[in-house]
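An overview of the molecular structure
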Amino acid sequence: MFTLLEINMYAIQKMVTTIGIWVVLPVLVVWLVNRKRTNDTNRKAEILLKAIESGVAIDPSILKENKRVRSIKEILLNRLTAAWVTTLVGIPFIVFGITTYILLERPQESVLMISGFGGVMLAVGIALFFVYSSGKKLFEAEIEAETKALKNKE
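Here's a quick rundown of the structure.

1. Examining the overall build of the protein chain
Each helix and strand counted, the protein chain has 4 helices and 0 strands in total. A compact globule built from 154 residues should have a C-alpha radius of gyration of about 15 Å, whereas the protein chain, at 26 Å, is more than 25% larger. Counting only C-alpha atoms, the protein chain reaches 80 × 60 × 20 Å along its principal axes. When contacts within the protein chain are restricted to residue pairs at least 6 apart in sequence, long-range pairs at least 24 apart make up 63% of them. Carbon and sulfur atoms make up 68% of the accessible area of the protein chain, which amounts to about 13200 Å² in all.

Below, the structure written as structure tokens:
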């Protein structure tokens, strides 16, 4: 018969870790984001109430959330960064999987799965390089226009 006393500490630690990663962590992230939004809203409301009490004219744009508009150049550079990261993560997985498969006398299928994961990462990296290069060629005129607009703005 199964009792609580038969569970060893390793199993309890594994359960707590799994619950912490898959349940507590996402809930904590959502809670922190909502708390920040609430604090921002409360701060704006306090400012508006003080402005109304003192009789100052209120700008309606203060209630809008300021969404940062990213330039085409910044988006392309983010894709280039992602391409380098995924490529440089995929290559060591492939090398590790292949060398482990060669060096072990009885390799398991999980070793090939590691190199398969590396292959997928490498493929995503190469695809992002193609997206970056084609986007750079496609949006060349827009990038120049944004650069000129920024220079004129300064």
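On we go.
2. Notes on the side chain of Thr87
Mapped onto the elements of the fold, Thr87 is located in helix α2 (residues 72-103). The contact partners of Thr87, leaving out residues within four places of it in the chain, are Met121, Leu122, Gly125, Ile126 and Phe129.

3. What to know about the packing of aromatic side chains
For the coordinates displayed, the defined rule picks out 2 aromatic pairs. Judged by centre distance (5.1 Å) and plane angle (90 degrees), the ring pair of Trp84 and Phe129 falls under edge-to-face. Pair noted here: Trp84 is in helix α2 and Phe129 is in helix α3 (residues 109-138), with a separation of 45 residues, a long-range link. Note on Trp84: relative accessible area 47%, which makes it partly exposed. Consider the rings of Phe93 and Phe117, whose centres lie 5.0 Å apart with planes at 85 degrees: the pair is edge-to-face. Residue Phe93 is located in helix α2, and its partner Phe117 is located in helix α3; the two are separated by 24 residues in the primary sequence.

4. Quick word on the packing of α2 against α3
Helices that pack against each other are described as a pair by the angle of their axes relative to one another and the distance between those axes. Orientation of α2 relative to α3, taken along the N-to-C sense of each, is 155 degrees, at an axis distance of 7 Å. If you check the angle between α2 and α3, you find them roughly antiparallel. Where α2 crosses over α3, the handedness of that crossing is left-handed. Grouping the constituent residues of the contact of α2 with α3 by class yields 24 nonpolar, 10 polar and 2 charged.

5. Concerning the packing of α2 against helix α4 (residues 140-153)
One can describe the packing of α2 onto α4 by two numbers: an axis separation of 9 Å at closest approach and a directional angle of 120 degrees. As judged from the angle between their axes, α2 and α4 are oblique. Together, Ile72, Lys73 and Leu76 of α2 and Glu142, Ile143, Glu146 and Thr147 of α4 make up the contact between the two elements.

Rules of the game
- Residues numbered from 1 in each chain as written.
- Predicted model: local features only at pLDDT ≥ 70, side-chain atom pairs only at ≥ 80, totals over all residues.
- Heavy atoms only, no water.
- Helix = DSSP H or I, 4+ residues; strand = E, 2+ residues; numbered from the N terminus.
- Rg over C-alpha atoms; globule rule 2.2 N^0.38 Å.
- Contact = heavy atoms within 4.5 Å.
- Areas by Shrake-Rupley, 256 points an atom, 1.4 Å probe, with all protein chains shown as cover.
- Phe/Tyr/Trp six-rings, centres within 6.5 Å; stacked < 30°, edge-to-face > 60°.
- Buried < 20%, exposed > 50% of the residue type's maximum accessible area, 1.4 Å probe, protein only.
- Axes fitted to C-alpha atoms, helices over the stretch in contact; angles between N-to-C directions.
- Parallel < 35°, antiparallel > 145°, perpendicular 65-115°, else oblique.
- Left-handed = near helix turned anticlockwise from the far one by under 90°.
- Nonpolar A, V, L, I, M, F, W, Y, C, P; charged D, E, K, R; others polar.

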